[in-house]
Amino acid sequence: MISEKMEKALNDQINAELFSSYLYLSMAAYFEAENWTGFANWMKIQSNEEYEHAMKFFHYLKEVSGRVTLAALEKPKTEWNFPLEAFEDAHKHEVYITKRINDLVELAQLEKDYATNNFLQWFVNEQIEEVASVAQIINKFRIVGDNKVALYMLNNELGSRTGS
Ligand code: OFO
């Protein structure tokens, strides 16, 4: 049986993961409007992954006899000035989500909720990858600089991403 405090924190995380999904979908919409279909593809897959993250929390709460309570989602940003700016925002967002996951681990340990602590370890590892993969893309953007052909090639590269 999960404590009320932990249940609320996990429900808040469902909202944060769904917002991540919404934010990346908004970035995908921006990229599609700008005809960067490869970047849009990458963001759509990312958005789906975030939905799956939210569902992991959803199912976990059910397993521990908790109650899922959904709340309103914040409106995501809809415009960026250039592609790199959107990926920089994605990176900032993943750093923020990592902090949230670490706070959840801290709370689980404080509450002596070892099951939740164990469940959260998957997210601890996942966040390493989430932050690193966006950082890697940002590095590529920096190498590309103002070179339009290289930017087009990066767009194609990200267009080859497939769902996990
Ligand atoms: Fe769910 O990892 Fe990104 O936000």
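The following refers to the structure shown. (Residues numbered from 1 in each chain as written. Predicted model: local features only at pLDDT ≥ 70, side-chain atom pairs only at ≥ 80, totals over all residues. Heavy atoms only, no water.)

All right, on to the overall build of the chain then. Counting its regular elements, the chain contains five helices and zero strands. Helices and strands in the chain line up, N terminus first, as α-α-α-α-α. On the principal axes, the C-alpha backbone points of the chain span a range of 55 × 25 × 25 Å. Within the span of the chain, comprising 164 residues, buried residues form 47% of the whole. In the chain, the proportion of contacts linking residues at least 24 apart, taken out of those at least 6 apart, comes to 81%. (Helix = DSSP H or I, 4+ residues; strand = E, 2+ residues; numbered from the N terminus. Buried < 20%, exposed > 50% of the residue type's maximum accessible area, 1.4 Å probe, protein only. Contact = heavy atoms within 4.5 Å.)

Before going further, it helps to examine helix α4 (residues 114–144). Between its terminal C-alpha atoms α4 stretches 46 Å, which fits the 45 Å expected from 31 residues at 1.5 Å a residue. Gly145 lies just past α4 and shows a positive phi near 55 degrees. (Expected span 1.5 Å × (residues − 1).)

Attention shifts here to the pattern of salt bridges. Counted according to the given criterion, the structure contains eight salt bridges. As a salt-bridge pair, Asp12 and Lys8 come within 2.8 Å of each other at their nearest N and O atoms. With a gap of four residues between them, Asp12 and Lys8 both fall in helix α1 (residues 4–33), about one helical turn apart. A salt bridge links Lys92 to Asp89; the shortest N-O distance between them is 3.6 Å. With Lys92 and Asp89 both in helix α3 (residues 83–110) and three residues apart, this pair spans about one turn of that helix. The buried category is assigned to Asp89, whose relative accessible area is 19%. (Salt bridge = Lys/Arg side-chain N within 4 Å of Asp/Glu carboxyl O.)

Before going further, it helps to spend a moment on the packing of aromatic side chains. Summed over all chains, the structure comprises 14 aromatic pairs. Their ring planes at 80 degrees and their centres at 4.9 Å tell us that Trp122 and Phe123 sit as a pair that is edge-to-face. What makes Trp122 partly exposed here is its relative accessible area of 37%. These aromatic residues form a ring-pair network of at least three members: Tyr30, Phe31, Trp36, Phe39, Trp42, Trp80, Phe87 and Phe141. When the ring centre of Trp122 is taken as reference, the NZ or CZ atom of Lys56 above it lies at 4.2 Å. Over the aromatic face of Trp42 sits the side chain of Arg161, whose NZ or CZ is 4.5 Å from the ring centroid. (Phe/Tyr/Trp six-rings, centres within 6.5 Å; stacked < 30°, edge-to-face > 60°. Lys NZ or Arg CZ within 6 Å of the ring centre and 35° of its normal.)

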